[in-house]
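Remarks on the overall topology
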Amino acid sequence: MNEQMTLPSARIPVAPEAEVLVIGGGAAGVAAAIAAAKGGAKTMLVEQRGFLGGMGTVALVPAFCPFTDKRKPIIRGIGMELMERMKQACEPAYQAEYRETLDWVPIDPEVLKRVYDDAILEAGVTPLYHSFVYEVVLSEDRKTIKGVVLVNKSGRSFVPCRYVIDCSGDGDVAALAGVPFHKGGDSGELQPGSMCYLLAHVDRPRFKRFLEESGDTGQLHQTVERAMAEGALPEGRKSISGLAWVSDYLVGVNFGHVFGVDGTRAEDLTRGAIEGRRTAQRQLEFFRRYVPGFEHAHLVASGEQLGIRETRRIEGDYTLTVDDFLEARSFPDDIARNAYYIDIHLATSKSEMTFNHLPPGVSHGVPYRVMLPRGIDNLWVAGRSASSDRAVQGSLRVMPNCFSMGQASGTAAALALRGGTGSRGISVPELQQRLLEQDVWLGEAFVPAGMQQEGDAP
Ligand SMILES: Cc1cc2nc3c(=O)[nH]c(=O)nc-3n(C[C@H](O)[C@H](O)[C@H](O)COP(=O)(O)OP(=O)(O)OC[C@H]3O[C@@H](n4cnc5c(N)ncnc54)[C@H](O)[C@@H]3O)c2cc1C
């Protein structure tokens with residue numbers, strides 16, 4: 001679109017001030033809002049959909065990535081509490097199967113939406129759903145966000161605020177505030193999106209028997225390869241990314257890719273949604289024809305939006321790099337640990353996927369500075385678009401890490417409010433102490449001598 005026009009200036013309603021304004025209600029935003037409110041800040045959570053959960057509910061991403069480093073839980077605090085609450089709100093059979101599970105816990109999206117609603121309301125957060133941030137108002141020196149302009153069914157309104165936490169997953173607020181960012185690889189390539197969906201009326205015992213008898217893997221490598229060779233599936237990754245069994249008759253599916261979608265462009269998202277639903281329909285036919293146990297599968301829901309893995313990565317005070325990941329570095333200002341592997345999905349149907357794993361029991365630190373966008377004093381960016389190089393974004397982006405960053409940013413915002421400082425003016429040791437009190441794991445260096453847990457690396 002090259003043509004432009006100037007809008008007439010307008011007077012718009014002003015909402016009551018939010019001390020902490022959280023934009024986006026995915027894993028990062030839910031945790032940020034709860035932490036800020038529990039820290040004593042008058043907190044508002046703005047979300048463009050009519051429910052919380054981000055990719056886990058909007059896009060039906062079917063499972064939580066691991067909360068452990070394969071030896072011990074390293075993502076604890078609010079994220080762990082929310083996942084446990086979801087388990088407890090699920091059916092008895094689900095609870096019996098997943099009670100002890102911390103890695104790849106399947107998401108029941110309807111349960112998760114209610115758990116998030118309840119959790120933010122209990123914490124005293126004021127939610128505003130169905131509302132989209134499309135403009136920010138900066139101070140004269142352009143270092144502080146004075147508030148954001150929302151658009152929703154009621155029209156436009158201005159929400160004044162003291163602090164903002166950008167959990168839009170796309171760094172929308174940061175970009176609107178002029179923070180520099182990167183998007184994708186050197187030639188602008190982005191990880192593909194995936195249209196995830198839920199299949200009902202499947203027969204898991206029969207499916208398990210098929211795996212035992214055929215020797216195929218849970219990701220159906222042989223079956224997918226055969227279907228591709230026979231033209232029943234398009235060329236692409238020769239396996240299913242994930243099947244997450246919510247019950248013996250309901251399964252969440254993450255399978256295949258939609259290429260060339262920039263999740264910050266409405267035109268691309270529109271094409272992605274249409275292409276994604278077509279892909280899901282074709283995969284449904286594959287499942288019915290090729291996979292025993294799925295003969296009568298019924299597609300009950302696909303993502304409201306194509307699942308988006310990668311858009312903007314803001315430039316922060318520190319950029320977490322692949323060397324930091326591979327060397328399992330710790331930082332003096334660590335606010336979380338990460339052990340999830342580097343998981344970069346192919347940019348085209350012909351390119352390769354990249355995986356890099358840390359050994360069991362090993363994690364690296366996530367410094368506070370990755371959430372501090374350059375140039376702005378009262379803004380944090382938590383979640384998928386925090387400051388990292390592209391490789392590390394392929395690891396940091398998963399929901400457990402987004403919970404951690406959300407919790408740390410919300411706790412930091414409440415501290416900044418209390419001290420009347422900017423995001424860089426808080427005491428980082430005090431932030432770390434607060435996080436430890438909230439059961440966050442910051443690594444062995446933060447465990448008092450003699451309190452080491454079983455499985456902790458020396
Ligand atoms: C296909 C796929 C599979 C994945 N598999 C897994 C997996 O198995 N396990 C796992 O843990 N992670 C997985 N991930 C990664 C993970 O789901 C996301 O990276 C993570 O959800 C990001 O969390 P977030 O809170 O930063 O952002 P999001 O989850 O994207 O949430 C952002 C929220 O902000 C809202 N929003 C955006 N812009 C605005 C705006 N301007 N105004 C108001 N609201 C706004 C959105 O509606 C959304 O609710 C997967 C991702 C994809 C796409």
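Note that the structure is a prediction, hence the values are computed from the model and not measured. (Residues numbered from 1 in each chain as written. Predicted model: local features only at pLDDT ≥ 70, side-chain atom pairs only at ≥ 80, totals over all residues. Heavy atoms only, no water.)

Considerations on the environment of Gly 422
The topology assignment puts Gly 422 in the loop between α12 (399-419) and α13 (428-437). Gly 422 sits ten residues away from Ala 412 along the chain, and the two C-alpha atoms are 9.8 Å apart. Once residues lying within four places of it in the same chain are set aside, the contact partners of Gly 422 are Asp 377 and Ala 416. (Helix = DSSP H or I, 4+ residues; strand = E, 2+ residues; numbered from the N terminus. Contact = heavy atoms within 4.5 Å.)

Details of a nonpolar patch on the surface
Together, Phe 132, Tyr 134 and Val 151 make up a nonpolar patch on the protein surface, roughly 220 Å² of accessible area in all. Structurally, Phe 132 can be placed in strand β6 (residues 131-138). For Phe 132, a relative accessible area of 33% gives the class partly exposed. (Patch = residues over 30% accessible without salt bridge, like charges linked within 9 Å, V, L, I, M, F, W, Y side chains within 5 Å. Areas by Shrake-Rupley, 256 points an atom, 1.4 Å probe, with all protein chains shown as cover. Salt bridge = Lys/Arg side-chain N within 4 Å of Asp/Glu carboxyl O. Buried < 20%, exposed > 50% of the residue type's maximum accessible area, 1.4 Å probe, protein only.)

Quick look at the side chain of Asn 401
Locating Asn 401 in the fold gives a position in helix α12. Excluding residues that lie within four positions of it along the chain, Asn 401 makes contacts with Ile 75, Arg 337, Asn 338, Tyr 340, Ser 395 and Leu 396.

Some thoughts on the site of the ligand
Around the ligand, the surrounding shell holds 36 residues, and the nearest of these are Glu 47, Ala 63, Asp 172, Arg 384 and Arg 397. Measuring from a nitrogen atom of the ligand, one finds a backbone N or O atom of Ala 63 at 2.8 Å. Contact distances for the ligand include 3.1 Å between a nitrogen atom and a backbone N or O atom of Val 133. The protein chains hide 96% of the 1,000 Å² of surface that the ligand would expose on its own. Among the secondary structure elements, those contributing two or more residues to the shell around the ligand are α1 (27-38), β3 (63-64), β6 and α12. Taken together, the residues of the shell around the ligand break down into 18 nonpolar, twelve polar and six charged. (Near = heavy atom within 4 Å. Polar contact = N/O pair within 3.5 Å; in protein donor to acceptor, adjacent residues only side chain to side chain. Nonpolar A, V, L, I, M, F, W, Y, C, P; charged D, E, K, R; others polar.)

Describing the environment of Met 1
Tracing the chain through its elements places Met 1 in the segment before β1 (18-23). Sequence separation between Met 1 and Arg 329 is 328 residues; the distance between their C-alpha atoms is 45 Å.

Focus on the packing of aromatic side chains
With the rule as written, the count across this model stands at 16 aromatic pairs. Geometrically, the ring pair formed by Tyr 94 and Tyr 98 is tilted, given 4.7 Å between the ring centres and 55° between the ring planes. Of this pair, Tyr 94 and Tyr 98 both sit in helix α4 (residues 92-98), separated by four residues, roughly a single helical turn. Of the two residues examined, Tyr 94 and Tyr 98, each falls in the buried class. Measuring from ring centre to ring centre gives 5.5 Å for Phe 207 and Trp 245, while their planes differ by 35°; the resulting arrangement is tilted. Placement of the pair is Phe 207 in helix α7 (residues 204-214) and Trp 245 in strand β11 (residues 242-247), with a sequence separation of 38 residues. Each member of the pair Phe 207 and Trp 245 is classed as buried. Members of the aromatic cluster, connected to one another through ring pairs, are Phe 207, Trp 245, Phe 255, Phe 286, Phe 287, Tyr 290 and Phe 294. Against the face of Phe 51 rests Lys 113, its NZ or CZ located 4.2 Å from the ring centre. Across from the ring centre of Phe 181, 5.1 Å away, lies the NZ or CZ of Arg 312, which sits over that ring. (Phe/Tyr/Trp six-rings, centres within 6.5 Å; stacked < 30°, edge-to-face > 60°. Lys NZ or Arg CZ within 6 Å of the ring centre and 35° of its normal.)

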